[in-house]
Amino acid sequence: MSQMLALVIVVLILLIGDWVAVRTKAWVPSIFISAVLFLIGYWTFFPKEIVSVAGIPPVVATMLMYLLITNMGTLLSLKELKEQWKTIVIALSGIIGIIVLLFGIGTFIYGFETIVVAIPPLVGGVVSALIMSEGAKEAGLASLSVFAIVIYVMQGFAGYPLTSIMLKKEGKRLLTQYRQGDIAVKGQPEADAEVAASVESAKPELKLFKKLPEKYNTEYFKFFRLALVAFLAYLVSSLLAPIVSISPFVLCLLFGIIAKSIGFLEKQVLQKANAFGFALMGLMLFVFDGLKQATPSMMLEIIYPLVGTIVIGVIGMYIFSFIAGKILKVSKEMAFAVSLTALYGFPADYIITNEVIKSLTNDEKEREMLTSHMLPPMLVGGFITVTIVSVILAGIFVKFL
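Residues numbered from 1 in each chain as written. Predicted model: local features only at pLDDT ≥ 70, side-chain atom pairs only at ≥ 80, totals over all residues. Heavy atoms only, no water.

Undergrad: Looking at this model, I keep getting lost on the overall build of the protein chain. Mind explaining?
TA: When helices and strands are tallied, the protein chain shows 19 helices and 0 strands. Against the compact-globule benchmark of 21 Å for 401 residues, the protein chain has a radius of gyration of 21 Å, which places it among compact chains. In terms of overall dimensions, the protein chain has a C-alpha envelope of 60 × 50 × 50 Å along the principal axes. For the protein chain, the proportion of its 401 residues judged to be buried stands at 52%. Sequence-distant contacts in the protein chain: of pairs separated by 6 or more residues, those separated by 24 or more amount to 80%. By element, 68% of the accessible surface of the protein chain is carried by carbon and sulfur atoms, the whole surface being about 18,300 Å². Each charge sign in the protein chain was given a centre, from 31 positive and 26 negative side chains, and these centres are 3 Å apart. (Helix = DSSP H or I, 4+ residues; strand = E, 2+ residues; numbered from the N terminus. Rg over C-alpha atoms; globule rule 2.2 N^0.38 Å. Buried < 20%, exposed > 50% of the residue type's maximum accessible area, 1.4 Å probe, protein only. Contact = heavy atoms within 4.5 Å. Areas by Shrake-Rupley, 256 points an atom, 1.4 Å probe, with all protein chains shown as cover. Lys, Arg positive; Asp, Glu negative; His and termini not counted. Charge placed at Lys NZ, Arg CZ, Asp CG, Glu CD.)

Here's what the structure looks like:
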């Protein structure tokens, strides 16, 4: 298959997913449709390396992830991050719910080793899945080695539609309050919202470069600053590695926040460099590339424990996030949506949230309000569960095999 044919096919799949999401007003997320189509493609005529052939090999996807996550950091401020402590508690509660129910119920149905292998990929991403897969292989558990990868690949099928439903309910609730004058854009008092917005827009975003003529702030200068911040995050992660293991992607988010706060990066710098859409497309293609591992025979062999562990895990997640949300006075829909980020993480949390927001209103101010209330907790929840906690759990659980 030629590169351009491969590119046309994979982009067409993303387009179909997008159109379905628009047509159904995000009740059916684009990611869910795209994942199904990729799975069908891999089971029929797709070459296994279609995403790499199309021009997104793993090394390019990694670069895009560094840039995108640093860019995501510019959406948050240090003040907002402190305010997200409730999100962190709820996200951790959801993970505890998965662990408690799977060990309490799942162990008796599927066995101790199956549950040990299932939990880290279920609450995380590719890193934790690979750790458990390799651990199972070294322990001579071949089917569980495959199981670790497939549960990572398939958990999104449960997470995508459930998240979309929860966020739509939460969004409608917030819109009702906003239209009644009860809430405003988060961080701004209702009466001062418009004044604060005009003052904020008058402030120079790049405080460190306020004397630099605008004509020199080219796309390449934006890319350079973004890449430099991402590199510093990688460098700090590498330097800390002998003492403590911190994912460079976690530091990318933190460094993006800091760089925006001190005026080194502008808000949504990747969008302003006219590259956000391409970067997101490339990263999503890499995520769907993971589906090539799930063959029909493999799916039949592990379908029973796969479905069972996901269902039990999601029930545990809902119960514990509901309790945490009740205590912290967070709506049950938002609490459940935050905990569900464990099933997919970034960039799916960003995409689903934005799809829902666009489907609920065409008014820019209402979209800004919904974004300020819904996107920060979804992003923080995804990083806490997928990027941090799942890797720690994998390092602990792999020793039990």
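Undergrad: Would you take a moment to explain the packing of helix α9 (residues 142-154) against helix α16 (residues 296-328) for this structure?
TA: When two helices pack together, their arrangement is given by the angle between their axes and by how far apart the axes lie. At their nearest, the axes of α9 and α16 sit 10 Å apart, and the two run at 60 degrees to each other. With respect to each other, α9 and α16 are oriented oblique. Crossing handedness for the pair α9 and α16: right-handed. Here S143, V146, F147, V150, I151 and M154 of α9 come into contact with α16, specifically with M298, M299, E301, I302, P305, L306, T309 and I310. Considering only residue class, the contact of α9 with α16 consists of 11 nonpolar, 2 polar and 1 charged. (Axes fitted to C-alpha atoms, helices over the stretch in contact; angles between N-to-C directions. Parallel < 35°, antiparallel > 145°, perpendicular 65-115°, else oblique. Left-handed = near helix turned anticlockwise from the far one by under 90°. Nonpolar A, V, L, I, M, F, W, Y, C, P; charged D, E, K, R; others polar.)

Undergrad: Whenever I open this one, the pattern of salt bridges confuses me. Can you help?
TA: In a structure, side chains of opposite charge can pair up when their charged atoms sit close to one another. In total, this model carries 7 salt bridges according to the counting rule given. Of the charged contacts, one joins E49 and K292 as a salt bridge, the two residues approaching to 3.2 Å between their closest N and O atoms. With E49 in the loop between α2 (30-43) and α3 (50-54) and K292 in the loop between α15 (276-289) and α16, the pair connects residues that are 243 residues apart, well separated along the chain. Overall, E49 belongs to the partly exposed group, its relative accessible area being 40%. Between R173 and E170 there is a salt bridge, with its nearest N and O atoms 2.7 Å apart. Taken together, the residues span about one helical turn, with R173 and E170 both in helix α10 (residues 156-179) at a distance of 3 residues. R173 gets classed as partly exposed once you look at its relative accessible area, which sits at 33%. By relative accessible area, E170 is classed as buried at 4%. Bridged by salt links that share partners, the residues E49, D289 and K292 form one connected network. (Salt bridge = Lys/Arg side-chain N within 4 Å of Asp/Glu carboxyl O.)

Undergrad: How should α16 be read in this particular structure?
TA: Side chains three or four residues apart in an α-helix point the same way, a direct result of the helix having 3.6 residues per turn. For α16, the principal kink sits at I302 and spans about 65 degrees; a proline, P305, occurs within the next four residues. Positive phi shows up at K329, right after α16, with a value of about 60 degrees. (Bend = angle between axes of the 7 residues up to and from the residue.)

Undergrad: I keep staring at the environment of K207 and nothing clicks. Help me out?
TA: With respect to the secondary-structure elements, K207 resides in the loop between α11 (193-202) and α12 (219-240). As for K207 and K260, which are separated by 53 residues in sequence, their C-alpha atoms are 9.5 Å apart. Beyond its immediate sequence surroundings of up to four residues, K207 is in contact with S261, I262 and G263.

Undergrad: Honestly, the nonpolar core in this entry has me stumped. Any pointers?
TA: Side chains of nonpolar character tend, in soluble globular proteins, to be buried together. Among the nonpolar cores identified, the biggest contains 124 residues, and F38, L291, F346 and Y350 are the most heavily contacted of them. If you tally residues by element for this core, the top one is helix α19 (residues 364-397), at 13 residues. (Core = buried A, V, L, I, M, F, W, Y, C linked by side-chain atoms within 4.5 Å.)

Undergrad: Looking at this structure, I do not really get unusual backbone geometry. What am I missing?
TA: Both trends apply: most residues other than glycine have a negative phi, and most peptide bonds are in trans. Residues other than glycine seldom take positive phi values, yet Q268 does so here, at roughly 55 degrees. Despite not being glycine, N274 has its phi angle at roughly 60 degrees, a positive value. Relative to the assigned elements, N274 resides in the loop between α14 (269-272) and α15. The exposure class assigned to N274 is exposed, which follows from its relative accessible area of 64%.

Undergrad: Would you take a moment to explain the side chain of T87 for this structure?
TA: Relative to the helices and strands, T87 is located in helix α6 (residues 85-110). For T87, a relative accessible area of 7% puts it in the buried group. Within polar-contact distance, the side chain of T87 engages the side chain of Q84 at 2.5 Å. When sequence neighbours within four positions are dropped, the list of residues in contact with T87 reads V338, P377, V380 and G381. (Polar contact = N/O pair within 3.5 Å; in protein donor to acceptor, adjacent residues only side chain to side chain.)

Undergrad: Please explain the packing of aromatic side chains as it appears in this structure.
TA: How two aromatic rings sit relative to each other is set out by the distance from centre to centre and by the angle between their planes. Applying the stated criterion to the full structure yields 16 aromatic pairs. Taking the centre distance of 5.9 Å and the plane angle of 40 degrees together, the rings of F397 and F400 count as tilted. Residue class for F400 comes out partly exposed when judged on its relative accessible area of 44%. An aromatic cluster is present here, built from F38, Y42, F45, F46 and F288 joined pairwise through their rings. Just above the ring of F221 sits the side chain of R225; from NZ or CZ to the centre is 4.5 Å. (Phe/Tyr/Trp six-rings, centres within 6.5 Å; stacked < 30°, edge-to-face > 60°. Lys NZ or Arg CZ within 6 Å of the ring centre and 35° of its normal.)

Undergrad: Can you help me understand the packing of α6 against α16 in this one?
TA: At a minimum axis distance of 7 Å, the contact between α6 and α16 shows a crossing angle of 140 degrees. Classified by the angle between their axes, α6 and α16 sit oblique to one another. In the packing of α6 onto α16, the handedness of the crossing is right-handed.

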